[in-house]
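The chain contents come next:
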Amino acid sequence: MIEVTHLQKRFGQLLAVDDISFKIVPGEILGFLGPNGAGKSTTMKMLTGFLAPTMGKVSIWGCDIETDKLSAQKQIGYLPEGTPAYEEMTPRSFLDFIAEVRGYNKSERVERIAFVTEIMALESVLDQRIETLSKGFKRRVGLAQAIIHDPKVLVLDEPTDGLDPNQKYQVREMIRGLSKDKIVIISTHILEEIAAVCTRVAIISNGKIVSDCTPRELEEKSRYHQAVTLKVKVQEDLSKFAGRLNDLDVVRSVEKNEWELLVIPEHKDGSLLPAIANLVKEEDWQLAELFQEKGRLDEVFRSITEGGPHVGS
Amino acid sequence: MLGVNTVLKREFASYFATPIAYVFIFIFLVLSGVFTFYLGNFYERQQADLTPFFSFHPWLYLFLVPAVSMRLWSEERKSGTIELLMTLPLTKLEVIVGKFLAAWFFTGIALLLTFPLWITVNYLGEPDNGVILASYLGSWLMAGGFLAIGSCASALSKSQVIAFILCGVVCLLFILAGFPLVLNAFNDWVPAILVDTIASLSFLTHFTSVSKGVLSLRDILYFFSMIVFWLFTTAVVLELKQAN
């Protein structure tokens, strides 16, 4: 379990992390979401013991990161932002170094390296200098060193940043495939990632946690949650349909696009779609598409971090 | 302290993974030859000893040691690997000592590769090999002092150029503190005890006796305390950087 209490970090005048507290239990995959410079990386650097907090405490399974640093760090696997690695080394010698630091003897090291090589599919580049590797392979080497000691806590700072869609998919699969008794913390500014891998999402803005919930709850905060989109076949129908939809009690508003009507519900109780479906049937409207939205994370993200359009309840 | 060995091995191998090691050793050997034979009048002296060779070492180290030490921390900071290294279960002491020892052993190897000079004097005459051995040891100890200063300079900055210059300047001060010209300038108006203190802090003062083959406990203690002091300062610098 990880317990963070009143964590604060000040760089001169700048308050990078401002009184953050949270707990994470095994099995949770927590996503730190936030604009660049919000304090995600700084928080992770304090969790892993790279930066000393100005105030507050971090406890990793009962080990304080400041007073019992080594015991805490032994339980953590960490991928720093940008995947730093000793470029002149080969993945094999690099992983061997990490495994040795992690306390494995020679035969165990060979075993551990074989294990992570398999998971990360590094076999083909194992004896090539890291500086010659592609971004995707470098990232995989970074992930391999983070999981080589089968850590209880995995801290990954923007693990999929700059990867192509296939590589992103692989990394997410890897994270999801980790056993259920681990704690994973990832930071990202990619919204789709949150829904794809996280069981919990904390939105950080200006050094504060402004929202801490499940990805689903986050979607529900969207004013587009349970909104219904109608795509028409004939453009002339748009105004007529919009007028009729506006008359319904369950409709709050209707937004018109070129071919689409987006109907925002009055209440998020699931009553909108059946009502619209009924209407479509009664009036015998010809539609190309009719579907319900889950909610738009980008809109929620913007409204929470910028104080933009009000978040519907 | 197991970590020292791990860090040391990795660091040492990294010197030889890049051309740095070979370039450094080549230049070190060429320059020590030039200094010994041209500036040191090795043949003209008609003496079978290596004094001309060793007496130039402080000056040789002045610009070669910063070239080795500048990358110790600056490179880690620049490439971000310092974040990886400092979040591994290693104490700061293990990392600092491991890195320092790697650099020190590396300069030791460069020093050992000057052995043809030793063969030459033994071929030309009958030198006191005890003196030569003591001088080698003393020179290596002095290199350690220079490297420890370099370690601290490198911890201060992300830029290797700044680390190089900073280390060079501090080392120069520690050499000059024992230079007769500098000491004479102080002699007239500064109490003798202060002049002695300044002189006793100098690499030159301690190395002069060493290069003549006199390796006294005082000199050994001096070089070791230089190393300990500057490595400790490195730790303080790293600690401050971690807090900010």
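Whatever comes next refers back to the structure up there.
Predicted model, so just to flag it, every value in this text is computed and none were measured. (Residues numbered from 1 in each chain as written. Chains lettered and ligands numbered in written order. Predicted model: local features only at pLDDT ≥ 70, side-chain atom pairs only at ≥ 80, totals over all residues. Heavy atoms only, no water.)

1. A short note on the overall build of chain A
Of regular secondary structure, chain A possesses 11 helices and 14 strands. If you line up chain A on its principal axes, its C-alpha atoms span 75 × 45 × 35 Å. Across the 313 residues of chain A, 54% fall into the buried class. Intrachain contacts of chain A at a sequence separation of at least 6 include 66% that bridge at least 24 residues. Summed over its atoms, the accessible surface of chain A is roughly 14,300 Å², and 48% of this surface lies on carbon and sulfur atoms. Here chain A contributes 40 positively and 48 negatively charged side chains, and the mean placements of these two sets differ by 3 Å. (Helix = DSSP H or I, 4+ residues; strand = E, 2+ residues; numbered from the N terminus. Buried < 20%, exposed > 50% of the residue type's maximum accessible area, 1.4 Å probe, protein only. Contact = heavy atoms within 4.5 Å. Areas by Shrake-Rupley, 256 points an atom, 1.4 Å probe, with all protein chains shown as cover. Lys, Arg positive; Asp, Glu negative; His and termini not counted. Charge placed at Lys NZ, Arg CZ, Asp CG, Glu CD.)

2. Side note on the pattern of salt bridges
Under the definition given, this model contains 26 salt bridges over all chains. A salt bridge links Glu-83 of chain B to Lys-45 of chain A; its shortest N-O distance comes to 3.9 Å. One end of the pair, Glu-83 of chain B, is in helix 6 (residues 81–86); the other, Lys-45 of chain A, is in helix 1 (residues 40–47), on a second chain. Of the two residues, Glu-83 of chain B and Lys-45 of chain A, neither departs from the other in class, the shared state being buried. The salt bridge involving Glu-76 of chain B is made with Lys-99 of chain B; its shortest N-O contact spans 2.9 Å. Here Lys-99 of chain B lies in helix 7 (residues 92–112) and Glu-76 of chain B lies in helix 5 (residues 71–79), a separation of 23 residues in the sequence. Note on Lys-99 of chain B: relative accessible area 1%, which makes it buried. Here the salt bridges do not stand alone but share partners, grouping Glu-88 of chain A together with Arg-10, Glu-11, Arg-71, Glu-75, Glu-76 and Lys-99 of chain B into one network. (Salt bridge = Lys/Arg side-chain N within 4 Å of Asp/Glu carboxyl O.)

3. Points about the packing of helix 2 (residues 20–39) of chain B against helix 4 (residues 57–69) of chain B
All names here are of chain B. Remark: helix 2 packs on helix 4, axes separated minimally by 11 Å, with the N-to-C direction vectors making an angle of 180°. Between helix 2 and helix 4, the angle is such that the two are roughly antiparallel. On helix 4, the residues that touch Phe-24, Ile-27, Phe-28, Leu-31, Ser-32 and Phe-35 of helix 2 are Leu-60, Tyr-61, Phe-63, Leu-64 and Val-68. (Axes fitted to C-alpha atoms, helices over the stretch in contact; angles between N-to-C directions. Parallel < 35°, antiparallel > 145°, perpendicular 65-115°, else oblique.)

4. A look at the sheet that holds strand 8 (residues 183–188) of chain A
Residues and elements named next belong to chain A. What the six strands build is an open sheet, ordered 6-7-8-3-9-10; its pairing is mixed. Among the strands making up the open sheet, the edge pair consists of strand 6 (76–79) and strand 10 (208–213). Neighbour-to-neighbour, the strand axes of this sheet turn through a mean angle of 15°, independent of strand direction. Two strands pair when backbone bridges link them, and strand 7 (residues 153–157) and strand 8 are joined in this way by five bridges, in the parallel orientation. If you follow Val-153 over to strand 8, its bridge partner there is Ile-183. Across the sheet, helix 5 (residues 135–147) lies against strand 6 and strand 7, angled at about 165° from strand 6, the strand it touches most. (Pairing = 2+ DSSP bridges.)

5. Re the state of the cysteines
This structure, assessed with the given rule, holds zero disulfides over all chains. Among the cysteines around Cys-152 of chain B, which has no disulfide bond, Cys-167 of chain B carries the closest sulfur, lying 9.6 Å off. (Disulfide = S-S within 2.5 Å.)

6. What about the packing of aromatic side chains?
Inspection of every chain in the model, using the stated rule, returns 27 aromatic pairs over all chains. Ring geometry for Phe-16 of chain B and Tyr-22 of chain B: centres 5.9 Å apart, planes at 70°, overall edge-to-face. On the accessibility criterion, Phe-16 of chain B (27% relative accessible area) is partly exposed. One cation-aromatic arrangement involves Arg-140 of chain A over Phe-137 of chain A; the distance from NZ or CZ to the ring centre is 4.5 Å. The ring of Phe-97 of chain A carries Arg-10 of chain B above its face, with NZ or CZ at 5.7 Å from the centroid. (Phe/Tyr/Trp six-rings, centres within 6.5 Å; stacked < 30°, edge-to-face > 60°. Lys NZ or Arg CZ within 6 Å of the ring centre and 35° of its normal.)

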